[in-house]
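Read off the chains here:
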Amino acid sequence: ILIADDEEGIRESLNLILGEEYELVFAKDGEETVARLRREPFELVLLDIKMPKMDGLEVLKRIKGNGVSTPVLVLTAYQSVELAKEAIKLGALDYLPKPFDRDHLLSAVRGVLARR
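Described in the following lines is the structure provided in the data block. (Residues numbered from 1 in each chain as written. Predicted model: local features only at pLDDT ≥ 70, side-chain atom pairs only at ≥ 80, totals over all residues. Heavy atoms only, no water.)

Some words on the pairing of strand β3 (residues 45-48)
Burial of the side chains of β3 extends over both faces: Val45 and Leu47 are buried on one face and Leu46 and Asp48 on the other. The pairing of strand β1 (residues 2-4) with β3 spans three bridges and is parallel. Pairing of Ala4 across the sheet is with Leu47, part of β3. In this region the chain leaves β3, passes through helix α3 (residues 56-65) and returns to the parallel neighbour strand β4 (residues 72-77); the handedness of that crossover is right-handed. (Buried < 20%, exposed > 50% of the residue type's maximum accessible area, 1.4 Å probe, protein only. Helix = DSSP H or I, 4+ residues; strand = E, 2+ residues; numbered from the N terminus. Pairing = 2+ DSSP bridges. Right-handed = clockwise from strand over helix to strand, strands pointing away.)

Some points on unusual backbone geometry
Between Lys98 and the following residue, Pro99, the backbone shows a cis peptide bond with an omega angle of -10 degrees. Positionally, Pro99 belongs in the loop between β5 (94-98) and α5 (102-115). Residues other than glycine seldom take positive phi values, yet Lys53 does so here, at roughly 70 degrees. In this structure, Lys53 sits in the loop between β3 and α3. Judged by relative accessible area, which is 63%, Lys53 ranks as exposed.

A few points about the sheet that holds strand β2 (residues 25-27)
In spatial order, the strands read β2-β1-β3-β4-β5; together these five strands make up an open sheet with parallel pairing. Edge positions in the open sheet fall to β2 and β5, since each of these has one partner strand only. Strand-to-strand, the axes of this sheet are offset by a mean angle of 20 degrees, without reference to chain direction. Bridge count for β4 against β5 is five bridges, and the pairing is parallel. What sits directly across from Leu75, in β5, is Leu96. Relative to the sheet, helix α1 (residues 8-18) contacts β1, β2, β3, β4 and β5, its axis offset from that of β2 by approximately 165 degrees. (Axes fitted to C-alpha atoms, helices over the stretch in contact; angles between N-to-C directions. Contact = heavy atoms within 4.5 Å.)

As for the pattern of salt bridges
Taken as a whole and assessed by the stated rule, the structure comprises ten salt bridges. Between Arg36 and Glu40 there is a salt bridge; the shortest N-O distance is 3.5 Å. Residue Asp103 is joined to Arg102 by a salt bridge in which the shortest nitrogen-to-oxygen separation is 3.8 Å. Its relative accessible area of 53% is what places Asp103 among the exposed residues. Three or more residues joined by partner-sharing salt bridges are found here, namely Asp5, Glu7, Asp48 and Lys98. (Salt bridge = Lys/Arg side-chain N within 4 Å of Asp/Glu carboxyl O.)

Some remarks on the nonpolar core
Across soluble globular proteins, you tend to see nonpolar side chains buried next to one another. Formed by 20 residues in total, the largest nonpolar core has its most connected members in Leu47, Leu60 and Val72. Elements with a contribution of two residues or more to this core: β1, β2, α2 (30-39), β3, α3 and β4. The element contributing the most residues to this core is α3, with four residues. Tyr22, Leu73, Phe100 and Ala108 belong to the second largest nonpolar core, which has 19 residues in total. (Core = buried A, V, L, I, M, F, W, Y, C linked by side-chain atoms within 4.5 Å.)

Details of the side chain of Thr70
Tracing the backbone through its elements, the reader meets Thr70 in the loop between α3 and β4. A relative accessible area of 8% means that Thr70 is categorised as buried. Among all residues touching Thr70, those that are not within four sequence positions of it are Leu37, Phe42, Glu43, Leu44, Val45 and Lys64.

These figures come from the coordinates and say nothing about function on their own.
Right, dumping it as structure tokens:
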């Protein structure tokens, strides 16, 4: 799972919740996210909307425009729900509001991976 989020605390939280069950790779900004997706395949991307260098919407446009079929779940703060809905129009499967509930996060990740 590629986790793209510029906030260290969020990356640490996701590592605590998902790290025992899944292999995680982290990206700190949009450019790094796109570069990693070009270099290696992932089963899932957890993508923050608000990131430096390139926001999550632009990342989605680029990866979907390049034919990358990796499923994407968007992570967003409450104030960004409209942006999350835009991300779904661009190809994200769903969004998870921050702060996220542990069980809801696990359920969403397991659901996406089970469908693959």
